[in-house]
Amino acid sequence: RSAVRVIYNGVSRPSGDAERIRRELRLAPSELLILALGSLFPVKGHLVLVEALSVLASQVGGARWRAAIAGIGDQEEALRTAIGEHGLTDRVHLLGFREDVGELLAAADVYAMPSLSEGSPLALMEAMFAGKAIVASRTGGIPELVTHDSDALLVPPGDVGALAAALETLLSDASLRDRLGGAAQRRAAVSFTLERMTDEYERLYAGN
């Protein structure tokens, strides 16, 4: 153990115009936006997210919401098919490749990371810096970045019911969204800045 040092990646703080994205997606003022970012490959769990969203859509009452998934990959057609089969075409948007991640995060109310396996995801760090309420899979390095019920809600990977329940919990509780998002932002500001990362590498190279 004494020969191993862990230096977490750092990311730039995202920023952007939330209203531009909300206009693009034609969101009503009362609609909440669930956002997922990542390559459209099976390991990212986006099909699990679509299944969970179909559970939410079947519930009577509750908060009004829409979802957006940004990214490209070989699962795009499978996702589009699943969205259509669940009758979610008007509620779940596949945005393709986007360079305006800061603006997408600014517009989002809930950030979802339904990965089946992960390393130390930069997109999650960006969502933390943006102060978003996060639902993520308890897999790989994710539990090292966020702690359940402290700065995120964590669910078992691949568990549609647990993911749907966690999303519903956040959509229905604005104060919880604020608490988790604020805590995630504070943790990112301490642990996942570019400055902290470069300082730690400099200390390592200097033998400190």
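What comes next is a walk through the structure. (Residues numbered from 1 in each chain as written. Predicted model: local features only at pLDDT ≥ 70, side-chain atom pairs only at ≥ 80, totals over all residues. Heavy atoms only, no water.)

Focus on the packing of aromatic side chains
How two aromatic rings sit relative to each other is given by the distance of their centres and the angle of their planes.
Right, so step 1: In this structure the tally under the stated criterion is two aromatic pairs.
Right, so step 2: An angle of 85° between the planes, with centres 6.0 Å apart, marks the rings of Tyr8 and Phe192 as edge-to-face. Here Phe192 lies in the loop between α8 (174–191) and α9 (194–205) and Tyr8 lies in the segment before α1 (18–24), a separation of 184 residues in the sequence.
Right, so step 3: With a relative accessible area of 27%, Tyr8 lands in the partly exposed category.
Right, so step 4: Note on Phe192: relative accessible area 1%, which makes it buried. (Phe/Tyr/Trp six-rings, centres within 6.5 Å; stacked < 30°, edge-to-face > 60°. Helix = DSSP H or I, 4+ residues; strand = E, 2+ residues; numbered from the N terminus. Buried < 20%, exposed > 50% of the residue type's maximum accessible area, 1.4 Å probe, protein only.)

Brief notes about a nonpolar patch on the surface
Right, so step 1: On the surface, Phe41, Val43 and Leu116 cluster together into a nonpolar patch covering about 230 Å² of accessible area.
Right, so step 2: Along the chain, the position of Val43 falls in the loop between β1 (32–37) and α2 (46–58). (Patch = residues over 30% accessible without salt bridge, like charges linked within 9 Å, V, L, I, M, F, W, Y side chains within 5 Å. Areas by Shrake-Rupley, 256 points an atom, 1.4 Å probe, with all protein chains shown as cover. Salt bridge = Lys/Arg side-chain N within 4 Å of Asp/Glu carboxyl O.)

Quick notes on helix α3 (residues 76–85)
Right, so step 1: If you check which residues of α3 are buried, you get Leu79, Ala82 and Ile83. Angular distribution of buried residues about the axis of α3 spans 100°; they occupy a single face of the element. Away from the buried face of α3 by more than 90 degrees, exposed residues Glu77 and Glu85 are located.
Right, so step 2: At its buried positions, α3 is contacted by α2 and β3 (92–96). (Arc of directions from axis to C-beta. Contact = heavy atoms within 4.5 Å.)

Brief notes about empty space enclosed by the protein
Right, so step 1: On inspection of all chains with the given rule, the structure shows one cavity of 30 Å³ or more.
Right, so step 2: In this model, the largest cavity occupies a volume close to 30 Å³.
Right, so step 3: Counted by class, the lining of the largest cavity contains six nonpolar, two polar and one charged residues. (1 Å grid on protein atoms, 1.4 Å probe; cavity = no way out; pocket = protein on both sides within 12 Å on 5 of 7 lines; lining within 4 Å. Points joined across faces, edges and corners; volume = space filled by probe spheres on them. Nonpolar A, V, L, I, M, F, W, Y, C, P; charged D, E, K, R; others polar.)

Structural notes on the packing of helix α5 (residues 122–129) against α8
Right, so step 1: At a minimum axis distance of 7 Å, the contact between α5 and α8 shows a crossing angle of 115°. Our classification of the angle between α5 and α8 gives roughly perpendicular. Between α5 and α8, the residues in contact are Met125, Met128 and Phe129 and Gly181, Ala184, Gln185, Arg187, Ala188 and Ala189, respectively.
Right, so step 2: Class assignment of the residues belonging to the contact of α5 with α8 gives a composition of six nonpolar, two polar and one charged. (Axes fitted to C-alpha atoms, helices over the stretch in contact; angles between N-to-C directions. Parallel < 35°, antiparallel > 145°, perpendicular 65-115°, else oblique.)

Topic: the layout of surface pockets
Right, so step 1: Its volume calculated, the largest pocket comes out at about 170 Å³.
Right, so step 2: Around the largest pocket sit Leu37, Gly38, Ser39, Ala70, Gly71, Gly96, Phe97, Arg98, Val101, Leu122, Ala123 and Glu126, which together line it.
Right, so step 3: With three residues, the top contributor of residues to the lining of the largest pocket is α5.
Right, so step 4: For the lining of the largest pocket, the per-class residue count stands at six nonpolar, four polar and two charged.

Read these as geometric descriptors, not functional statements.
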